[in-house]
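Fold and geometry: a report
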Amino acid sequence: MLRFDPLAEALHEAPYDYYARYRNIAPVHWGKPVNAGIEGGWYVLGNALTRAILADSRFGRESHRSADPGLLPPELQELYHLVDHWVMFRDPPYHTTLRSALADAFSRDALQVMHDRCRDIACAMTARIEQRASLDVMADYAIPYVLTCLCLFVGVPVEDAPWIRMWAKPLAQALDVKRSPDVYACAAEAARTLRAYVGAQLKLAGDRDANTVIAQLGNAISLGRLSRQQAIDSIILILVTGQETSRNLICNGVLSLLRHRDALVELAANPAERSAAVVEETLRFESPVHLAGRVVREDIECEGYRFCAGDSVVCCLAAANRDPQDVGDPDRFDPSRPKIRHVSFGAGIHTCLGVGLARHEARAAFESLAPVLCRAELVDEPPDWRRSVLFRSLETLCIRLGDP
Ligand code: HEM
C-alpha cells in the first residue's frame, strides 16, 4: 500500500474513501510530509487516538519555532513573527496568556449580541436571493454573509469586507499543505498589509462597541495583558480563521441537505428545532477543517502507539468523525441521530474559540434558507471542491430555484 500522501489525487477526489482505506488497517500511518524540510509525518485517522492526542500536552503546536528566526529568508521572517503571536501555534504558558485575553472577546455577552445579528443578517441575505432563478450559494450568500458577521464581531467596517477577504486569502493558503513555495511571499505581503490595517483600526478601539473583539483587545492592551503587536496579530488570526471555516460549514450543509431531501424537509418543517442538529451533523459529515497538526515534544507512548520527539503528527479530524468504531453508519448524513459527536472544533486546550459564533452563523443561515432550498436543485453534481487539504471547501455551489 502506498504511503499516506496529503497531496494524493485520490484524497482530493474522494477523501472519505481514502481515509477509510488507511483507517481500516490502523488508526495511524506514516506518510509524506505536510511541509518541505521534514522527512514525513504521522497521520492519525482513528477517533479514540485523535481525541487522546488533542488532549495530551506532550503533543505541542510550535512546529514553526526556530532557534534563530533572524536566519530565515526575509519573506519568512514577517510570517514567522505573525504566526508566533497566534494562539493556535503556541504551547503553554504563552498559549495560556493569549487564550485567556482572547476569551474575553468571545464572551457570552458578545455571542448573545451576535446571535441576534446573525439572524437579522441571514434573513436580509435570504430576502436578497429568494426571488432569483439561480445563484452560487458560496459567492452570493455564504461569503458575504460570513464576512458581514465577522466584521461586526471584530468591530471593523463592513464596507472593508471584500478588501479583508482579499488579504486574508494568502494567509489561509499559507496554513494549508503547500503545493508551491510562492504562497509564502504572498502571505508575507498580506501579513504586512493586514498588520498596518488592523493597527489603524485598533487606534479607534475606544469608539467601538464594547462587545467587539477590537474593543476587548484594546482593553487587554491597556491592562497590560497583551502587547499591541500580540493584539494586532490575534485580530488577524480571527479575520483569517473566522471566514474560511464558517462559510464552508454553511455551503457543506446546504450541499448535504440538497443531497438528502428527507433531512431538508424536516428542517423546513421545524427550522428552530432542527437547525442545531443539521449544524452538528454537517460538522461531523463534511467537516470544514480536515486537519489539526501537532509536533511531539518528547518520546512518548499514547494509546499503545510510540512517537519520537520532533515527529510531525497530523490528526485527520474528518477521518476521526467517520470512524465506525465511534459512530454507527458513519457515511450517512443523518441529523436525526440520537447523539452527534465530532472533533471538528478540535479538542483540548486548542479547542476552537469561534465555536459559539460559527454555530450561531450556521443555524441562522440554515433556518432562513430552508424554505428556499426546498425549491432548489443542484446545478453541478458532483460539485467543484477546492484544491485544499486543510479546508473542505467548495469552489462554487450553484443551485437553480423553482417558482416560490
Ligand atoms: C465551522 C467553523 C469552524 C471550524 C470547523 C473551526 C475549527 C477549528 C479547529 C479544528 C481548531 C483547533 C486547531 C488545532 O487544534 O490545531 C480551531 C481553533 C481556533 N479557531 Fe476555529 N473553527 C471554526 C470557526 C472559527 C471562527 C468563526 C473563529 C473566529 C471568529 C475561529 C477561531 C479559532 C481560533 C482563534 C482558534 C485557536 C484556538 C487555540 O489555539 O487556542 N474559528 N478552529
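Residues numbered from 1 in each chain as written. Predicted model: local features only at pLDDT ≥ 70, side-chain atom pairs only at ≥ 80, totals over all residues. Heavy atoms only, no water.

A short note on the overall build of the chain
Secondary structure assignment for the chain yields 15 helices and 10 strands. What you see for the chain is a C-alpha radius of gyration of 21 Å, in line with the 22 Å of a compact globule of 404 residues. For the C-alpha atoms alone, the extent of the chain along its principal axes is close to 65 × 60 × 35 Å. Across the 404 residues of the chain, 54% fall into the buried class. (Helix = DSSP H or I, 4+ residues; strand = E, 2+ residues; numbered from the N terminus. Rg over C-alpha atoms; globule rule 2.2 N^0.38 Å. Buried < 20%, exposed > 50% of the residue type's maximum accessible area, 1.4 Å probe, protein only.)

Brief notes about the environment of Leu-373
Looking at the element boundaries, Leu-373 is found in helix H15 (residues 355-373). Separated by 56 residues in the primary sequence, Leu-373 and Leu-317 place their C-alpha atoms 28 Å from one another. Beyond its immediate chain neighbours, meaning those up to four positions away, Leu-373 contacts Val-254, Leu-257, Leu-258, Arg-261, Leu-264 and Ile-399. (Contact = heavy atoms within 4.5 Å.)

What about the pairing of strand S10 (residues 398-401)?
Burial along S10 is one-sided: the face carrying Ile-399 and Leu-401 is buried and the face carrying Cys-398 and Arg-400 is not. Where strand S4 (residues 134-136) and S10 come together, three bridges link them in antiparallel fashion. If you follow Asp-136 over to S10, its bridge partner there is Cys-398. Two elements, strand S9 (residues 376-378) and S10, share three bridges in a ladder whose sense is antiparallel. Counterpart to Ala-376 in the pairing with S10 is Leu-401. (Pairing = 2+ DSSP bridges.)

Quick word on the site of the ligand
Taken together, 30 residues sit near the ligand, with His-95, Arg-99, Arg-294, His-350 and Cys-352 positioned nearest. Interatomic distance of 3.2 Å between a side-chain N/O atom of Arg-61 and an oxygen atom of the ligand. Contact between the ligand and His-95: an oxygen atom at 2.8 Å from a side-chain N or O atom of the residue. Here the element with the most residues in the shell around the ligand is helix H11 (residues 228-259); it accounts for seven residues. When grouped by side-chain class, the residues that make up the shell around the ligand number 17 nonpolar, 10 polar and three charged. (Near = heavy atom within 4 Å. Polar contact = N/O pair within 3.5 Å; in protein donor to acceptor, adjacent residues only side chain to side chain. Nonpolar A, V, L, I, M, F, W, Y, C, P; charged D, E, K, R; others polar.)

Let's talk about the nonpolar core
Core analysis: the largest hydrophobic core is formed by 134 residues, its most contacted members being Tyr-19, Tyr-145, Val-154 and Leu-171. In terms of residue count, the dominant contributor to this core is H11 (15 residues). Leaving out residues up to four positions away in the same chain, Leu-171 has contacts with Leu-79, Leu-82, Ala-187, Ala-190, Ala-191, Leu-194, Ile-236 and Val-240. (Core = buried A, V, L, I, M, F, W, Y, C linked by side-chain atoms within 4.5 Å.)

Side note on the coordination of the iron atom of the ligand
For a metal with four tetrahedral donors the ideal donor-metal-donor angle is 109.5 degrees, while six octahedral donors give ideal angles of 90 or 180 degrees. The protein supplies the iron atom of the ligand with one donor atom, Cys-352 (SG), which lies at 2.3 Å. Among the structural elements, Cys-352 can be located in the loop between helix H14 (317-320) and H15. (Donors = N, O, S within 2.8 Å, 3.2 Å for Na, K, Ca; no water.)

Considerations on helix H7 (residues 137-154)
For H7, which comprises 18 residues, the first-to-last C-alpha distance of 24 Å matches the rise-based estimate of 26 Å (1.5 Å per residue) to within 8%. Of all 18 residues making up H7, 14 are buried, and the element is well covered by its neighbours. Where H7 starts, the residue carrying a side-chain oxygen 3.0 Å from the main-chain nitrogen of Met-138 turns out to be Asp-136. (Expected span 1.5 Å × (residues − 1).)

What about empty space enclosed by the protein?
Under the definition given, this model contains five cavities of 30 Å³ or more. Computed from the structure, the largest cavity encloses a volume of approximately 150 Å³. What lines the largest cavity is a set of 16 residues, among which Leu-11, His-12, Pro-15, Ser-388 and Val-389 lie closest to the centre. Counting only elements with at least two residues in the lining of the largest cavity, the list comes to helix H1 (9-13) and helix H2 (15-23). (1 Å grid on protein atoms, 1.4 Å probe; cavity = no way out; pocket = protein on both sides within 12 Å on 5 of 7 lines; lining within 4 Å. Points joined across faces, edges and corners; volume = space filled by probe spheres on them.)

It is worth stressing that arrangement in space is one thing and function is another; only the former is reported here.
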